[in-house]
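Residue-level listing of the chains:
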Amino acid sequence: MAIQQADKLLKKHKDLHCAKVLKAIGLQRTGKQDEAFSLAQEVATLEPTDDNSLQALTILYREMHHPELVTKLYEAAVKKVPLSEEYHSHLFMAYARVGEYKKMQQAGMALYKIVPKNPYYFWSVMSLVMQAISAQDEKLAQTMFLPLAERMVEKMVKEEKIEAEAEVQLYFMILERLGKCVEALDVVRGPLGEKLTSELRSRENKCMMMYQRLQLWPECNALSYKLLLKNPDDWQFYLSYFDSLFHLMDKSWSQPEEGEHCVEGPVQTTVAEAVKFVVDRMEEQDKKESRPLRGPYLACLELIHRLRQRGCPDEKELGDPLELMVQFFGKFGDKPCCITDLKIYLHLLPPEQRSQLVPLGEAGEDGFGFPGDTKALQRHLCVCQLSRALGLQHALDTEGKLRLITELKAHYHHGLQFGKSCLKTELQFSDMYCLMAAHVYVDLWTETGDENMLWQCLSVLEEGLSFSPSNAQFKLLLLLLFCRLGAFQPVVDLYSSLDAKHVQHDTIGYLLTRYAGSLGQFAAASQSCNFSLRFFHSNQKDTSEYIIQAYKYGAFEKIPEFIAFRTRLNQSLHFAQVRTERMLLDLYTEADVTLSLEESVKAMGVCPEEDDIPWDNMRDNRDLTVLVSWDPKDRELTEEHRRLSLEEESVWLKVRSLTLRLLASLALLGHAPSPRNSDKTNENGISAKSSTLQTLLSQLDQTLETAVQITEKQTQYPFLGPPSSRLASALSSGSCHCQASGVAISNHLQEQCKGEVLEMKDGRLTTRPSLLETLVFFVETVCVVLWVASYSASVLRPLKSSLQKKKKKKKDSSSAMPVVLCGFQEWTGSLQGVVTQALDHVKGQEASLTALKLAALTLEEGYSQTQEECGFTRAAMDKVQSSYLGSLQELGDLLRKRADSLKSLKI
Amino acid sequence: MTTLRAFTFNFDICYNNYGIPFYLQYLAHWPEYFIVAEAPGGELMGYIMGKAEGSVAREEWHGHVTALSVAPEFRRLGLAAKLMEMLEEISERKGGFFVDLFVRVSNQVAVNMYKQLGYSVYRTVIEYYSASNGEPDEDAYDMRKALSRDTERKSIIPIPHPVRPEDIE
């Protein structure tokens, strides 16, 4: 429609630029990219100066991801209309969109010269700061860009032209980055600082920052003290108060004889003063009629913690940590955050006291009695959480743990009555009991290896979810357990009901993408990669527009933040993973023989020589603590775990990305097969290609060596922490080396695939999810080998035909077929055998899985569950069974396709 | 016990109801109106996000609460009230006449909380919240609290007739 209208207009006015551009937009939106682009270029080369055309072209170029062309557009426009404020300002924004900081600096000044408005001047200054931030050479930033920016601002200060708060903020930013903290302090405290009014406590925050950097501990101490008197709940100032106090003590700082202590007021330098300060704050809260604040009570524990670290005996003045915690529990035990708060300080309790803390919570209730209202429930729950955090639950034997589970379940069921009127979107008050019971089941499963525990765990979580359908923690744990079981199908629904959005695609997307492909659910895998990729791609465009906005509104402090955020996403480990896996998946599932491999590689734009993964700056944005845990400190995820997990994932990513690039170079090699018997025809291009292949192969060999070393470490992560990478199973399946050498396929993989993925014995169910993973590697390997074979065939075919021609000419029957040809035929023959066997195997698995009648399991006996619970267990089992079946079907389909193309590999 | 700090645009957004562009827009324009609360263990407790808008001449210049969110485990600690108080103070400093917010008519818990904080229903906005899964659109209360600049508290005199979303500025 829009295109037609534009055409109508163009008939009347042949050269109406704007109509052309609008038509181009129409074309672009209907998917005619090339037509749209050339039409736009047609107008652009005429260098239009009418606002409509320019704006329309800007929109079009942005949508076509060519923001750099917008700069050309306005460069031409300002040349023709040199005094236009508007076009100059558009030019500045166009540069901002592509991050051309130097040109921004110039454009800002040019604007200021035309229209001497302050914002333009400071746009230019900010662009200098951005040049400093982005400079590779820190020296250049410190000696050139920032001093220049400083001088530019100083000039305005001297001329008394500073108007806005944003300008003072920028001045502060420059001085801070230059390390001129004294000067920065002078600005904040001086008359210019009076402009800092928008943000609450803006001046105080900036002063504090400078005091800390300058190690002006008296000022830091006095300011913290002052701010705490105003708001005794603001935690950051307790920290700066204690920090500064101990620094002052270490330096034996003493009060000056006369006058004020320091500009910020009285300074405290002794433990006695700090103790009194904290005790006073607590008493203040005790006396209050309204609800008490947590800050002072926790500050007390923090101070004990710090005094103990220093070996200072004065902690006794503050009281006994156990009593203080009991007191804290008395005040805040009915709040869900009580456990989060106390958990930090549990180490203050000596081991013999640890069990004492727990029964104290139950005071006021009769033995095992159930809580009468939600507050009592929350307090009891907090006690359970504490007992877990103190390691008391872990110390129980199997019997004890099972009893604990019974008790937790009873409390869970009892607590449901308080939430009868809860909306679907609200959580049940007793949900956490259910989750904790699941955690204890997991403990039992990992300790004993008894799979029954796992089935019952699934059951209890499924039950929990039925009463509390929006509980994300239930979903996350279910998701993790199904993944560990190798059943990916139920995970798809669970994840989508989590309604993960935006940045979560980066932070928790790994939960999905780690398992989808490796469990043979290729369609789902591809889809989950797409979710994440869509987010990453939109980020780039989005951020640029808001950087421009930040310039407009003078939110200069936000600009480096926005850019850092964008960089962090671009360097995300998960981003690189989904990028690579998505392409591999497409190749494995879509590309048949080398011809289609070549097409796919070209369409994806994979270049074997190019490595687009930021190996040295990889950011691990995964949220590895997204699953709630009340485990004691020694069982929690450590920094070392995080480091190892990232290392492992990076190496695995390297294996995958090298595989991808190898496949690409194989495809391009196949592009112009050269007869191997004539070296002369070996043109440079081709030998360059094969040398790329060589380089990549040796890199892959190296990476695999590293991989072996890593897997030998056999790192164990906490159950609720990161899943281990696919590295270990890939190596043990032998597929890595098989794919790497790409020539010989052994029955090795197949051997490993023997056995049933799901078995029922003596009325119990046994799973073997690793079989699926191995099978996936097998299928991937078949694909790789097939591509190699297909390439070989394309090389050998001309050789054979030329030999046959020779044969005909010479009529010499004695010249037999060269060994290589026979070898190839033999090889493809055996390959076919292997694939056929594998297909039979998959078929067999499918058949026995279908024949498996789970209904025959009498759960009531085998699992000692109630009838209701059995229902949930059975549901979980059905999900697993059908997921296995789905995986096997997808794998079988793929394998069958490959078997067909193998048949065509005759030479 | 809470650390209250300016929102630094990073991975803070975990209770994200909105897309990243939405947050970026607010941060680029009204960074001072974006405050997060953090627990001693580093957990994100909640955040508030708002803006200043309206004509000064018509005495409609005011602070607006766009989003207020407290994580479930940090509820019932008075955090929402604290964050609201901070937003009101910022609006006072900007010389606003009042602070306003929109809330689902059905969200009785929130409506009551705002009433306790001194807000009153100024008007009802019909079908302000578009529903997703086939359910009908929902009305909103436009709630207001006068700031000190509005000495006669003119800005909060209720409008008896409901208005449509397109009629509000």
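Keep in mind that this is a model prediction, so the values were computed, not measured. (Residues numbered from 1 in each chain as written. Chains lettered and ligands numbered in written order. Predicted model: local features only at pLDDT ≥ 70, side-chain atom pairs only at ≥ 80, totals over all residues. Heavy atoms only, no water.)

Caption draft 1: Region of the structure containing the nonpolar core. Residues and elements named next belong to chain A. Counting 286 residues, the largest nonpolar core has Leu461, Leu481, Tyr551 and Phe556 as the members making the most contacts within it. In terms of residues, this core owes the most to one element, helix 28 (residues 522–553), which gives 12 residues. Apart from the residues lying within four places of it in its own chain, the contact partners of leucine 481 are Val442, Trp445, Leu454, Cys457, Leu458, Leu461 and Phe719. Within the second largest apolar cluster, 33 residues are counted, among which are Val651, Leu660, Leu731 and Tyr791. (Core = buried A, V, L, I, M, F, W, Y, C linked by side-chain atoms within 4.5 Å. Buried < 20%, exposed > 50% of the residue type's maximum accessible area, 1.4 Å probe, protein only. Helix = DSSP H or I, 4+ residues; strand = E, 2+ residues; numbered from the N terminus. Contact = heavy atoms within 4.5 Å.)

Caption draft 2: Fine view of empty space enclosed by the protein. Residue and element names in this part refer to chain A. Using the criterion set out here, one finds 6 cavities of 30 Å³ or more in the structure. Roughly 340 Å³ of volume is contained in the largest cavity. If you go around the largest cavity, you meet 26 residues; those closest to its centre are Thr513, Arg514, Glu581, Trp652 and Arg726. When contributions to the lining of the largest cavity are tallied by element, the ones reaching two or more residues are helix 27 (510–516), helix 28, helix 30 (573–590) and helix 32 (639–669). Here the lining of the largest cavity takes 8 residues from helix 30, the largest share from any one element. Grouping the amino acids of the lining of the largest cavity by side-chain chemistry returns 13 nonpolar, 6 polar and 7 charged. (1 Å grid on protein atoms, 1.4 Å probe; cavity = no way out; pocket = protein on both sides within 12 Å on 5 of 7 lines; lining within 4 Å. Points joined across faces, edges and corners; volume = space filled by probe spheres on them. Nonpolar A, V, L, I, M, F, W, Y, C, P; charged D, E, K, R; others polar.)

Caption draft 3: Here's a closer look at helix 29 (residues 558–570) of chain A. Residue and element names in this part refer to chain A. With 13 residues, helix 29 extends 18 Å from end C-alpha to end C-alpha; this agrees with the ideal 18 Å at 1.5 Å per step. With 10 of 13 residues buried, helix 29 lies mostly within the body of the structure. Every buried residue of helix 29 is accounted for by Lys558, Ile559, Pro560, Glu561, Phe562, Ile563, Phe565, Arg566, Arg568 and Leu569. (Expected span 1.5 Å × (residues − 1).)

Caption draft 4: Geometry of the confidence of the model for chain B. Residues and elements named next belong to chain B. Across chain B, the average pLDDT comes to 88, with 88% of residues at 70 or higher. Per-element confidence in chain B is highest for helix 2 (residues 79–93), whose mean pLDDT is 96, and lowest for strand 1 (residues 3–6), whose mean pLDDT is 65. Predicted as a complex, the structure gets a pTM of 0.87 and an ipTM equal to 0.89. (pLDDT = per-residue confidence, 0-100.)

Caption draft 5: Quick look at the pattern of salt bridges. All names here are of chain A. For the structure on display, the rule yields 52 salt bridges over all chains. For the salt bridge of lysine 343 with glutamate 636, the shortest nitrogen-to-oxygen distance reads 2.7 Å. Of this pair, lysine 343 sits in helix 18 (residues 338–343) while glutamate 636 sits in the loop between helix 31 (594–604) and helix 32; the two residues are 293 residues apart in sequence, bridging distant segments of the chain. Through salt bridges with shared partners, a single network forms among Glu581, Arg656, Arg726 and Glu780. (Salt bridge = Lys/Arg side-chain N within 4 Å of Asp/Glu carboxyl O.)

Caption draft 6: Layout of helix 10 (residues 165–177) of chain A. All names here are of chain A. With 13 residues, helix 10 extends 18 Å from end C-alpha to end C-alpha; this agrees with the ideal 18 Å at 1.5 Å per step. Burial analysis of helix 10 places 11 of its 13 residues in the buried class, which makes it a mostly covered element. For helix 10, every residue scored as buried is listed here: Glu165, Ala166, Glu167, Val168, Gln169, Leu170, Tyr171, Phe172, Met173, Ile174 and Leu175. Lining the buried residues of helix 10 we find helix 8 (118–134), helix 9 (138–158), helix 11 (181–189), helix 12 (202–214) and helix 29.

Caption draft 7: How the structure looks around the environment of A:Thr406. All names here are of chain A. Tracing the chain through its elements places threonine 406 in helix 21 (residues 398–415). Judged by its relative accessible area of 53%, threonine 406 falls in the exposed class. The sequence separation of threonine 406 and serine 665 amounts to 259 residues, and the corresponding C-alpha distance is 60 Å. Engagement of the side chain of threonine 406 in a polar contact is seen with the backbone oxygen of leucine 402, the distance being 2.9 Å. (Polar contact = N/O pair within 3.5 Å; in protein donor to acceptor, adjacent residues only side chain to side chain.)

Caption draft 8: Up close: the interface of chain B and chain A. Taken together, the contacts link 41 residues of chain B with 43 residues of chain A. Of the roughly 3800 Å² buried where chain B meets chain A, counting both sides, 62% is carbon and sulfur surface. Between chain B and chain A we count 0 salt bridges in total. Contributions of two or more residues to the side of chain B that touches chain A are made by strand 1, helix 1 (20–29) and helix 2 of chain B. For the side of chain B that touches chain A, the element with the most residues is helix 1 of chain B, which contributes 7 residues. Counted by class, the side of chain B that touches chain A contains 22 nonpolar, 11 polar and 8 charged residues. (Buried area = accessible area lost by both parts, 1.4 Å probe.)

Caption draft 9: Molecular detail of the pairing of strand 5 (residues 98–104) of chain B. All names here are of chain B. Extensive coverage of strand 5 is indicated by the burial of 6 of its 7 residues. Two elements, strand 4 (residues 62–70) and strand 5, share 4 bridges in a ladder whose sense is parallel. Note that in strand 5 the partner of histidine 64 across the bridge is aspartate 100. The parallel pair strand 4 and strand 5 is bridged by helix 2, and the resulting crossover is right-handed. Pairing analysis gives 7 bridges linking strand 5 to strand 7 (residues 138–146), with the strands arranged antiparallel. In the sheet register, phenylalanine 98 faces strand 7, and the bridge partner there is alanine 146. (Pairing = 2+ DSSP bridges. Right-handed = clockwise from strand over helix to strand, strands pointing away.)

Caption draft 10: Focus on the packing of helix 6 (residues 85–98) of chain A against helix 28 of chain A. Residues and elements named next belong to chain A. Interaxial distance between helix 6 and helix 28 falls to 8 Å at its minimum, and their mutual angle equals 135°. As the angle between them shows, helix 6 and helix 28 are arranged oblique. Once helix 6 is placed against helix 28, the crossing between them reads as right-handed. Contacts between helix 6 and helix 28 involve Phe92, Met93, Ala96 and Arg97 from the former and Ser544, Glu545, Ile548, Tyr551 and Lys552 from the latter. Taken together, the residues that form the contact of helix 6 with helix 28 break down as 5 nonpolar, 1 polar and 3 charged. (Axes fitted to C-alpha atoms, helices over the stretch in contact; angles between N-to-C directions. Parallel < 35°, antiparallel > 145°, perpendicular 65-115°, else oblique. Left-handed = near helix turned anticlockwise from the far one by under 90°.)

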